[in-house]
Amino acid sequence: MRRMTARPANAHQARLLTLLRDGGPHSRAQLGDLVDLSRSKLAVEVDRLLETGLVVADGLAASRGGRRSHNIRLAPELRFLGVDIGATSIDVAVTNAELEVLGHLNHPMDVREGPVAVFEQVLAMAAKLRASGLAEGFDGAGIGVPGPVRFPEGVPVAPPIMPGWDGFPVREALSQDLGCPVMVDNDVNLMAMGEQHAGVARSAGDFLCVKIGTGVGCGIVVGGQVYRGATGSAGDIGHIQVEPDGRPCACGNRGCLEAHFSGATLAQDAKAAARAGDSAELADRLAASGRLTAVDVAAAAVAGDTVALDLIREGGARVGQVIAGLVSFFNPGLVVIGGGVTGLGHTLLASVRTQVYRKSLPLATGNLPIVLGELGPVAGVIGAARLISDHLFSPA
(Lines give C-alpha, C1' and ligand atoms only; values in the text may rest on other atoms or scores of the structure.)
Protein backbone atom coordinates (compact mmCIF):
# COMPACT_ATOMS: atom_id res chain seq x y z
CA MET A 1 0.00 0.00 0.00
CA ARG A 2 1.37 3.40 -1.01
CA ARG A 3 1.76 5.83 1.86
CA MET A 4 0.83 9.48 1.51
CA THR A 5 4.04 11.31 0.65
CA ALA A 6 2.60 14.28 -1.27
CA ARG A 7 0.78 17.33 0.08
CA PRO A 8 -1.36 19.78 -1.88
CA ALA A 9 0.82 22.35 -3.59
CA ASN A 10 -1.55 25.28 -3.16
CA ALA A 11 -4.84 26.44 -1.65
CA HIS A 12 -6.82 25.36 -4.74
CA GLN A 13 -5.64 21.77 -4.42
CA ALA A 14 -6.31 21.85 -0.66
CA ARG A 15 -9.85 23.02 -1.34
CA LEU A 16 -10.42 20.23 -3.87
CA LEU A 17 -9.15 17.58 -1.46
CA THR A 18 -11.42 18.88 1.31
CA LEU A 19 -14.45 18.85 -1.01
CA LEU A 20 -13.74 15.25 -1.97
CA ARG A 21 -13.23 14.28 1.68
CA ASP A 22 -16.45 15.88 2.87
CA GLY A 23 -18.66 15.17 -0.16
CA GLY A 24 -17.31 11.98 -1.68
CA PRO A 25 -16.63 11.48 -5.42
CA HIS A 26 -17.36 14.44 -7.72
CA SER A 27 -17.15 14.97 -11.45
CA ARG A 28 -14.91 17.73 -12.77
CA ALA A 29 -18.03 19.68 -13.69
CA GLN A 30 -19.38 19.37 -10.13
CA LEU A 31 -16.04 20.50 -8.71
CA GLY A 32 -16.12 23.43 -11.11
CA ASP A 33 -19.48 24.48 -9.64
CA LEU A 34 -17.95 24.55 -6.14
CA VAL A 35 -14.61 26.29 -6.67
CA ASP A 36 -13.77 29.70 -8.09
CA LEU A 37 -11.52 28.49 -10.91
CA SER A 38 -11.68 28.64 -14.69
CA ARG A 39 -12.26 25.33 -16.43
CA SER A 40 -8.69 25.23 -17.70
CA LYS A 41 -7.18 26.08 -14.28
CA LEU A 42 -9.37 23.46 -12.61
CA ALA A 43 -8.22 20.85 -15.13
CA VAL A 44 -4.58 21.68 -14.39
CA GLU A 45 -5.05 21.35 -10.60
CA VAL A 46 -7.03 18.10 -10.87
CA ASP A 47 -4.43 16.60 -13.21
CA ARG A 48 -1.66 17.55 -10.77
CA LEU A 49 -3.53 15.84 -7.94
CA LEU A 50 -4.00 12.75 -10.10
CA GLU A 51 -0.24 12.70 -10.72
CA THR A 52 0.48 12.78 -6.97
CA GLY A 53 -1.81 9.80 -6.40
CA LEU A 54 -3.84 11.68 -3.77
CA VAL A 55 -6.92 11.37 -6.01
CA VAL A 56 -7.95 8.78 -8.60
CA ALA A 57 -10.46 8.51 -11.44
CA ASP A 58 -13.51 6.62 -10.24
CA GLY A 59 -16.00 5.62 -12.92
CA LEU A 60 -17.94 7.74 -15.37
CA ALA A 61 -19.84 10.74 -14.05
CA ALA A 62 -23.48 11.38 -14.91
CA SER A 63 -23.84 13.14 -18.24
CA ARG A 64 -24.43 16.88 -18.30
CA GLY A 65 -24.40 17.02 -22.10
CA GLY A 66 -21.40 16.36 -24.29
CA ARG A 67 -18.66 13.85 -23.49
CA ARG A 68 -18.98 12.17 -20.10
CA SER A 69 -16.08 12.68 -17.71
CA HIS A 70 -14.78 10.48 -14.90
CA ASN A 71 -15.64 11.04 -11.29
CA ILE A 72 -12.71 12.03 -9.11
CA ARG A 73 -12.29 10.63 -5.59
CA LEU A 74 -9.65 10.51 -2.89
CA ALA A 75 -7.26 7.58 -3.18
CA PRO A 76 -9.12 4.62 -1.65
CA GLU A 77 -6.00 3.19 0.01
CA LEU A 78 -5.39 6.26 2.23
CA ARG A 79 -5.80 5.45 5.93
CA PHE A 80 -6.03 7.68 9.00
CA LEU A 81 -5.80 6.60 12.62
CA GLY A 82 -8.09 8.30 15.13
CA VAL A 83 -7.25 7.99 18.84
CA ASP A 84 -9.53 9.30 21.58
CA ILE A 85 -7.95 8.97 25.03
CA GLY A 86 -10.48 9.50 27.79
CA ALA A 87 -10.02 9.50 31.53
CA THR A 88 -11.09 5.85 31.85
CA SER A 89 -10.94 4.35 28.35
CA ILE A 90 -9.27 4.53 24.93
CA ASP A 91 -11.00 4.48 21.55
CA VAL A 92 -8.93 3.78 18.45
CA ALA A 93 -10.29 3.68 14.91
CA VAL A 94 -9.02 3.47 11.35
CA THR A 95 -10.79 5.49 8.65
CA ASN A 96 -10.47 5.94 4.93
CA ALA A 97 -9.72 9.34 3.41
CA GLU A 98 -13.44 10.23 3.48
CA LEU A 99 -13.34 9.61 7.26
CA GLU A 100 -15.62 6.58 7.19
CA VAL A 101 -14.81 4.35 10.18
CA LEU A 102 -13.52 1.01 8.87
CA GLY A 103 -12.66 -0.49 12.26
CA HIS A 104 -13.07 0.67 15.87
CA LEU A 105 -11.69 -0.70 19.16
CA ASN A 106 -12.36 0.36 22.76
CA HIS A 107 -10.30 -0.60 25.79
CA PRO A 108 -10.70 0.44 29.47
CA MET A 109 -7.64 2.35 30.67
CA ASP A 110 -7.00 4.83 33.47
CA VAL A 111 -5.23 7.88 32.04
CA ARG A 112 -3.52 8.30 35.43
CA GLU A 113 -1.34 5.29 34.63
CA GLY A 114 0.72 7.78 32.62
CA PRO A 115 1.65 8.38 29.00
CA VAL A 116 4.02 5.43 28.57
CA ALA A 117 1.45 2.83 29.65
CA VAL A 118 -1.38 4.54 27.76
CA PHE A 119 0.58 4.75 24.51
CA GLU A 120 1.70 1.15 24.77
CA GLN A 121 -2.01 0.29 24.77
CA VAL A 122 -2.72 2.68 21.88
CA LEU A 123 0.05 1.11 19.79
CA ALA A 124 -1.21 -2.39 20.60
CA MET A 125 -4.72 -1.42 19.45
CA ALA A 126 -3.35 0.20 16.28
CA ALA A 127 -1.35 -2.98 15.57
CA LYS A 128 -4.51 -5.06 16.03
CA LEU A 129 -6.35 -2.91 13.46
CA ARG A 130 -3.44 -3.29 11.04
CA ALA A 131 -3.37 -7.05 11.58
CA SER A 132 -7.07 -7.27 10.76
CA GLY A 133 -6.23 -6.20 7.20
CA LEU A 134 -7.84 -2.77 7.41
CA ALA A 135 -4.54 -0.94 6.99
CA GLU A 136 -0.95 -1.83 6.20
CA GLY A 137 0.13 1.48 7.69
CA PHE A 138 -1.26 4.91 8.47
CA ASP A 139 -0.93 8.11 6.46
CA GLY A 140 -1.53 10.20 9.57
CA ALA A 141 -2.95 10.03 13.09
CA GLY A 142 -5.05 12.38 15.20
CA ILE A 143 -4.87 12.06 19.00
CA GLY A 144 -7.26 13.45 21.60
CA VAL A 145 -6.33 13.77 25.29
CA PRO A 146 -8.56 14.80 28.22
CA GLY A 147 -6.78 18.00 29.17
CA PRO A 148 -5.43 21.31 27.84
CA VAL A 149 -3.02 21.01 24.90
CA ARG A 150 -0.48 23.49 23.58
CA PHE A 151 -1.69 22.88 20.05
CA PRO A 152 1.27 23.85 17.82
CA GLU A 153 3.60 21.46 19.69
CA GLY A 154 1.05 18.76 20.52
CA VAL A 155 1.95 18.83 24.23
CA PRO A 156 -0.45 18.54 27.23
CA VAL A 157 -0.12 21.42 29.71
CA ALA A 158 -0.84 20.92 33.44
CA PRO A 159 -3.87 18.65 32.89
CA PRO A 160 -5.70 18.33 36.25
CA ILE A 161 -6.76 14.67 35.85
CA MET A 162 -3.58 13.50 34.05
CA PRO A 163 -0.65 13.26 36.49
CA GLY A 164 2.64 12.62 34.69
CA TRP A 165 1.43 14.05 31.37
CA ASP A 166 2.47 17.68 31.77
CA GLY A 167 4.84 18.54 28.91
CA PHE A 168 4.96 14.99 27.52
CA PRO A 169 5.82 15.20 23.77
CA VAL A 170 2.77 13.27 22.56
CA ARG A 171 2.99 14.40 18.95
CA GLU A 172 6.71 13.71 18.60
CA ALA A 173 6.69 10.36 20.42
CA LEU A 174 3.72 8.89 18.57
CA SER A 175 4.90 10.17 15.21
CA GLN A 176 8.10 8.15 15.69
CA ASP A 177 6.25 5.04 16.88
CA LEU A 178 3.58 5.11 14.17
CA GLY A 179 5.85 6.30 11.35
CA CYS A 180 3.42 8.99 10.17
CA PRO A 181 2.47 12.62 10.87
CA VAL A 182 0.53 13.13 14.12
CA MET A 183 -1.65 15.98 15.41
CA VAL A 184 -2.82 16.30 19.03
CA ASP A 185 -5.74 18.22 20.51
CA ASN A 186 -8.04 18.30 23.49
CA ASP A 187 -10.60 15.48 23.35
CA VAL A 188 -13.60 17.83 23.49
CA ASN A 189 -12.39 19.77 20.44
CA LEU A 190 -12.21 16.48 18.56
CA MET A 191 -15.72 15.53 19.65
CA ALA A 192 -16.91 18.86 18.25
CA MET A 193 -15.07 18.21 14.97
CA GLY A 194 -16.58 14.73 14.75
CA GLU A 195 -20.13 15.99 15.24
CA GLN A 196 -19.40 18.76 12.72
CA HIS A 197 -18.16 16.28 10.11
CA ALA A 198 -20.64 13.44 10.42
CA GLY A 199 -23.05 14.17 13.27
CA VAL A 200 -25.70 16.55 14.49
CA ALA A 201 -23.64 19.73 13.81
CA ARG A 202 -23.13 19.16 10.06
CA SER A 203 -24.93 22.37 9.08
CA ALA A 204 -23.77 24.51 12.04
CA GLY A 205 -21.13 27.19 11.65
CA ASP A 206 -21.14 28.51 15.22
CA PHE A 207 -21.84 25.99 17.96
CA LEU A 208 -20.83 24.69 21.37
CA CYS A 209 -20.13 21.00 22.03
CA VAL A 210 -20.26 20.18 25.73
CA LYS A 211 -18.72 16.87 26.77
CA ILE A 212 -19.80 15.47 30.13
CA GLY A 213 -17.67 12.45 30.95
CA THR A 214 -15.35 11.88 33.87
CA GLY A 215 -14.85 15.66 33.62
CA VAL A 216 -16.63 18.46 31.75
CA GLY A 217 -15.34 20.48 28.80
CA CYS A 218 -16.60 22.47 25.85
CA GLY A 219 -15.54 22.61 22.21
CA ILE A 220 -16.12 26.03 20.64
CA VAL A 221 -16.63 26.24 16.88
CA VAL A 222 -16.64 29.70 15.28
CA GLY A 223 -17.23 30.12 11.57
CA GLY A 224 -16.71 26.39 11.07
CA GLN A 225 -13.31 26.36 12.83
CA VAL A 226 -12.42 25.16 16.32
CA TYR A 227 -11.48 28.08 18.57
CA ARG A 228 -8.65 27.06 20.92
CA GLY A 229 -7.82 30.38 22.53
CA ALA A 230 -4.47 32.09 22.96
CA THR A 231 -2.82 29.15 24.74
CA GLY A 232 -5.10 26.21 23.93
CA SER A 233 -7.28 26.19 27.04
CA ALA A 234 -10.50 27.68 25.60
CA GLY A 235 -13.60 25.75 26.63
CA ASP A 236 -12.33 24.51 30.01
CA ILE A 237 -15.77 25.06 31.51
CA GLY A 238 -15.46 22.28 34.09
CA HIS A 239 -13.54 24.72 36.26
CA ILE A 240 -16.05 27.56 36.16
CA GLN A 241 -17.31 28.10 39.70
CA VAL A 242 -20.97 27.20 40.25
CA GLU A 243 -20.97 27.21 44.06
CA PRO A 244 -19.01 29.74 46.13
CA ASP A 245 -17.00 27.84 48.76
CA GLY A 246 -18.38 24.61 47.30
CA ARG A 247 -16.77 21.20 47.05
CA PRO A 248 -12.99 20.96 46.58
CA CYS A 249 -11.97 20.26 42.96
CA ALA A 250 -9.01 18.35 41.52
CA CYS A 251 -7.73 21.64 40.08
CA GLY A 252 -7.17 23.02 43.59
CA ASN A 253 -10.11 25.42 43.65
CA ARG A 254 -13.54 24.99 45.21
CA GLY A 255 -17.05 24.96 43.79
CA CYS A 256 -16.11 24.08 40.18
CA LEU A 257 -18.76 22.60 37.89
CA GLU A 258 -16.81 19.33 37.68
CA ALA A 259 -16.77 19.02 41.47
CA HIS A 260 -20.56 19.25 41.55
CA PHE A 261 -21.48 17.34 38.39
CA SER A 262 -19.58 15.03 36.07
CA GLY A 263 -19.54 11.30 35.45
CA ALA A 264 -17.11 10.77 38.33
CA THR A 265 -19.00 13.07 40.70
CA LEU A 266 -22.33 11.48 39.83
CA ALA A 267 -20.93 8.03 40.66
CA GLN A 268 -19.61 9.31 44.02
CA ASP A 269 -22.94 10.95 44.90
CA ALA A 270 -24.86 7.82 43.92
CA LYS A 271 -22.58 5.68 46.09
CA ALA A 272 -23.10 8.03 49.04
CA ALA A 273 -26.88 7.86 48.58
CA ALA A 274 -26.78 4.06 48.39
CA ARG A 275 -24.70 3.75 51.55
CA ALA A 276 -26.94 6.22 53.40
CA GLY A 277 -29.96 4.03 52.61
CA ASP A 278 -31.64 6.75 50.53
CA SER A 279 -32.05 4.54 47.46
CA ALA A 280 -32.78 0.81 47.55
CA GLU A 281 -32.24 0.58 43.77
CA LEU A 282 -28.75 2.09 43.93
CA ALA A 283 -27.93 0.08 47.06
CA ASP A 284 -28.82 -3.15 45.24
CA ARG A 285 -26.63 -2.22 42.30
CA LEU A 286 -23.74 -1.31 44.59
CA ALA A 287 -24.06 -4.61 46.43
CA ALA A 288 -24.13 -6.55 43.15
CA SER A 289 -20.99 -5.06 41.59
CA GLY A 290 -19.18 -3.24 44.39
CA ARG A 291 -19.20 0.02 42.41
CA LEU A 292 -21.57 2.49 40.77
CA THR A 293 -21.23 4.39 37.50
CA ALA A 294 -23.30 6.88 35.55
CA VAL A 295 -24.77 3.89 33.70
CA ASP A 296 -26.13 2.55 37.00
CA VAL A 297 -27.65 5.93 37.82
CA ALA A 298 -29.28 6.04 34.38
CA ALA A 299 -30.72 2.54 34.83
CA ALA A 300 -32.01 3.42 38.28
CA ALA A 301 -33.67 6.55 36.87
CA VAL A 302 -35.37 4.49 34.15
CA ALA A 303 -36.65 2.20 36.92
CA GLY A 304 -38.23 5.28 38.53
CA ASP A 305 -35.77 5.75 41.40
CA THR A 306 -36.38 9.27 42.71
CA VAL A 307 -32.86 9.72 44.14
CA ALA A 308 -31.28 8.88 40.77
CA LEU A 309 -33.69 11.21 38.99
CA ASP A 310 -32.91 14.02 41.44
CA LEU A 311 -29.15 13.54 40.99
CA ILE A 312 -29.52 13.80 37.21
CA ARG A 313 -31.82 16.83 37.38
CA GLU A 314 -29.57 18.66 39.83
CA GLY A 315 -26.54 17.93 37.68
CA GLY A 316 -28.33 19.08 34.55
CA ALA A 317 -29.28 22.31 36.32
CA ARG A 318 -25.61 22.93 37.20
CA VAL A 319 -24.52 22.33 33.60
CA GLY A 320 -27.39 24.45 32.32
CA GLN A 321 -26.36 27.28 34.65
CA VAL A 322 -22.92 27.39 33.00
CA ILE A 323 -24.22 26.91 29.45
CA ALA A 324 -26.69 29.76 29.97
CA GLY A 325 -23.78 32.11 30.60
CA LEU A 326 -21.95 30.80 27.54
CA VAL A 327 -25.04 31.23 25.36
CA SER A 328 -25.53 34.82 26.48
CA PHE A 329 -21.85 35.54 25.76
CA PHE A 330 -21.32 33.58 22.53
CA ASN A 331 -24.79 33.38 20.93
CA PRO A 332 -24.25 29.98 19.25
CA GLY A 333 -26.61 28.50 16.70
CA LEU A 334 -26.55 25.07 18.36
CA VAL A 335 -25.51 23.40 21.61
CA VAL A 336 -24.52 19.73 21.48
CA ILE A 337 -24.30 17.61 24.63
CA GLY A 338 -22.07 14.54 24.37
CA GLY A 339 -19.83 12.29 26.42
CA GLY A 340 -20.29 9.31 28.68
CA VAL A 341 -23.23 10.68 30.65
CA THR A 342 -25.46 11.11 27.60
CA GLY A 343 -26.88 7.75 28.66
CA LEU A 344 -28.76 9.88 31.19
CA GLY A 345 -30.67 11.01 28.11
CA HIS A 346 -33.65 13.25 28.10
CA THR A 347 -33.92 13.71 31.86
CA LEU A 348 -30.51 15.41 31.75
CA LEU A 349 -31.30 17.26 28.53
CA ALA A 350 -34.62 18.60 29.86
CA SER A 351 -32.89 19.94 32.97
CA VAL A 352 -30.15 21.64 30.92
CA ARG A 353 -32.69 23.17 28.53
CA THR A 354 -34.84 24.49 31.36
CA GLN A 355 -31.93 26.40 32.88
CA VAL A 356 -30.64 27.78 29.57
CA TYR A 357 -34.03 28.91 28.28
CA ARG A 358 -34.88 30.44 31.66
CA LYS A 359 -31.60 32.28 32.27
CA SER A 360 -30.42 33.38 28.80
CA LEU A 361 -31.92 36.25 26.84
CA PRO A 362 -34.77 35.37 24.45
CA LEU A 363 -32.84 36.77 21.47
CA ALA A 364 -30.09 34.19 22.09
CA THR A 365 -32.38 31.24 22.81
CA GLY A 366 -35.35 31.92 20.53
CA ASN A 367 -34.15 29.48 17.86
CA LEU A 368 -31.45 27.62 19.81
CA PRO A 369 -31.51 23.81 19.59
CA ILE A 370 -29.92 22.03 22.56
CA VAL A 371 -29.49 18.41 21.50
CA LEU A 372 -27.65 15.20 22.27
CA GLY A 373 -24.74 14.27 20.01
CA GLU A 374 -25.41 11.69 17.30
CA LEU A 375 -22.10 9.84 17.10
CA GLY A 376 -21.60 8.52 20.62
CA PRO A 377 -18.24 6.79 21.11
CA VAL A 378 -17.00 7.42 17.56
CA ALA A 379 -17.36 11.22 17.70
CA GLY A 380 -13.83 11.67 19.07
CA VAL A 381 -12.10 9.26 16.68
CA ILE A 382 -13.84 10.78 13.64
CA GLY A 383 -12.82 14.21 14.90
CA ALA A 384 -9.25 12.96 15.32
CA ALA A 385 -9.20 11.72 11.73
CA ARG A 386 -10.65 15.05 10.63
CA LEU A 387 -7.88 16.87 12.52
CA ILE A 388 -5.04 15.03 10.82
CA SER A 389 -6.72 15.19 7.40
CA ASP A 390 -7.12 18.96 7.77
CA HIS A 391 -3.36 19.11 8.40
CA LEU A 392 -2.38 16.82 5.54
CA PHE A 393 -4.83 18.38 3.09
CA SER A 394 -3.43 21.86 3.69
CA PRO A 395 -0.64 23.24 1.46
CA ALA A 396 2.80 21.94 2.43
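*Asks:* Account for the overall build of the chain, with residues named and values stated.
*Replies:* From N to C terminus, the chain includes 14 helices and 15 strands. At 23 Å, the chain has a C-alpha radius of gyration in line with the 21 Å of a compact globule built from 396 residues. Along the first, second and third principal axes, the C-alpha atoms of the chain reach 75 × 50 × 40 Å. Counting only residues that meet the buried cut, the chain has 52% of its 396 residues in that class. Sequence separation of 24 or more characterises 60% of the internal contacts of the chain that already satisfy a separation of 6 or more. Of the roughly 17100 Å² of accessible surface on the chain, a fraction of 51% belongs to carbon and sulfur atoms.

*Asks:* Account for the sheet that holds strand S5 (residues 89-95), with residues named and values stated.
*Replies:* Within the open sheet, the five strands sit side by side as S6-S5-S4-S7-S10. Their pairing is mixed. The open sheet terminates on both sides in strands that have one partner only, identified here as strand S6 (101-108) and strand S10 (182-186). For this sheet the average axis-to-axis angle between neighbouring strands, irrespective of direction, equals 15°. In this sheet, S10 lies alongside strand S7 (residues 140-145) in parallel orientation, the contact comprising five bridges. Residue pairing for S10: glycine 144 is matched across the bridge by aspartate 185. Strands strand S4 (80-85), S7 and S10 of the sheet are contacted by helix H5 (residues 170-178), whose axis makes an angle of about 140° with S10.

*Asks:* Pulling in residues and values, what's your account of unusual backbone geometry?
*Replies:* We note that alanine 158 has phi near 45°; this positive angle belongs to a residue other than glycine. Considering the arrangement of structural elements, one finds alanine 158 in the loop between strand S9 (155-156) and H5. Even without glycine at this site, aspartate 245 takes up a positive phi of about 55°. Relative to the elements of secondary structure, aspartate 245 occurs in the loop between strand S13 (225-226) and helix H7 (257-260). You can call aspartate 245 exposed: its relative accessible area is 70%.

*Asks:* Please give an account of helix H14 (residues 379-392) that cites residues and values.
*Replies:* End to end, H14 covers 20 Å across 14 residues, agreeing with the expected 20 Å (1.5 Å per residue, within 8%). The buried fraction of H14 amounts to 12 of the 14 residues, a majority that puts the element mostly inside the structure.

*Asks:* Could you give an account of the sheet that holds strand S11 (residues 207-212), with specific residues and numbers?
*Replies:* Strand order across the open sheet formed by five strands is S13-S12-S11-S14-S15, with mixed pairing between neighbours. Each edge of the open sheet is held by one strand with a lone partner, namely S13 and strand S15 (370-372). Here six bridges tie S11 to strand S12 (residues 216-222), and the two strands are oriented antiparallel to one another. Across the sheet, the residue bridging to lysine 211 is glycine 217, located in S12. This element, helix H6 (residues 187-198), spans S11, S12, S13 and strand S14 (334-338) of the sheet and lies at about 50° to S12. Where helix H12 (residues 345-359) meets the sheet, it contacts S11, S14 and S15, and its direction lies at approximately 165° from that of S15.

*Asks:* So, the pattern of salt bridges: which residues are in play, and what are the values?
*Replies:* Tallied over the entire structure, the rule returns 17 salt bridges. Residues lysine 211 and aspartate 187 are paired through a salt bridge, measuring 2.9 Å at the closest nitrogen-oxygen approach. Residue lysine 211 is found in strand S11, and its partner aspartate 187 is found in helix H6; the two are separated by 24 residues along the sequence. Across the pair, exposure class does not vary: lysine 211 and aspartate 187 are buried alike.

*Asks:* Break down the nonpolar core for me, citing the residues and quoting the values.
*Replies:* A general feature of soluble globular proteins is that nonpolar side chains tend to end up buried together. Phe80 and Phe207 are the most contacted members of the largest nonpolar core, which totals 47 residues. Of all the elements in the fold, those that place two or more residues in this core are helix H1 (11-23), helix H3 (39-52), strand S3 (70-74), H6, S11, S14 and H14.

*Asks:* Outline the packing of aromatic side chains, supporting the account with residue identities and numerical values.
*Replies:* Applying the stated criterion across every chain, the model contains four aromatic pairs. Here the aromatic rings of phenylalanine 119 and tryptophan 165 are separated by 5.3 Å at their centres, their planes lie at 70°, and the arrangement is edge-to-face. Of this pair, phenylalanine 119 sits in helix H4 (residues 115-131) while tryptophan 165 sits in the loop between S9 and H5, placing them 46 residues apart in sequence. Geometrically, the ring pair formed by phenylalanine 119 and phenylalanine 168 is stacked, given 6.0 Å between the ring centres and 25° between the ring planes. With phenylalanine 119 in helix H4 and phenylalanine 168 in the loop between S9 and H5, the pair connects residues that are 49 residues apart, well separated along the chain. On the basis of relative accessibility, which here comes to 6%, the residue phenylalanine 119 falls in the buried class. Across the ring face of phenylalanine 151, the terminal group of arginine 228 is positioned such that the distance to the ring centre comes to 3.7 Å.

*Asks:* Lay out the side chain of histidine 197 in plain terms, naming residues and giving numbers.
*Replies:* By the secondary structure assignment, histidine 197 is in helix H6. In terms of polar contacts, histidine 197 uses its side chain to reach the side chain of arginine 386, at 3.3 Å. Not counting chain neighbours up to four residues away, the residues in contact with histidine 197 comprise Arg21, Asp22, Glu98, Leu99, Arg202, Ile382 and Arg386.

*Asks:* Account for the side chain of arginine 386, naming residues and giving values.
*Replies:* Secondary-structure assignment places arginine 386 in helix H14. Looking at arginine 386, the relative accessible area reads 11%, which means it is buried. If we ignore the near neighbours within four places in the chain, the residues touching arginine 386 are Arg21, Leu99, Met193, Gln196 and His197.

Procedures and definitions
Residues numbered from 1 in each chain as written. Predicted model: local features only at pLDDT ≥ 70, side-chain atom pairs only at ≥ 80, totals over all residues. Heavy atoms only, no water. Helix = DSSP H or I, 4+ residues; strand = E, 2+ residues; numbered from the N terminus. Rg over C-alpha atoms; globule rule 2.2 N^0.38 Å. Buried < 20%, exposed > 50% of the residue type's maximum accessible area, 1.4 Å probe, protein only. Contact = heavy atoms within 4.5 Å. Areas by Shrake-Rupley, 256 points an atom, 1.4 Å probe, with all protein chains shown as cover. Pairing = 2+ DSSP bridges. Axes fitted to C-alpha atoms, helices over the stretch in contact; angles between N-to-C directions. Expected span 1.5 Å × (residues − 1). Salt bridge = Lys/Arg side-chain N within 4 Å of Asp/Glu carboxyl O. Core = buried A, V, L, I, M, F, W, Y, C linked by side-chain atoms within 4.5 Å. Phe/Tyr/Trp six-rings, centres within 6.5 Å; stacked < 30°, edge-to-face > 60°. Lys NZ or Arg CZ within 6 Å of the ring centre and 35° of its normal. Polar contact = N/O pair within 3.5 Å; in protein donor to acceptor, adjacent residues only side chain to side chain.

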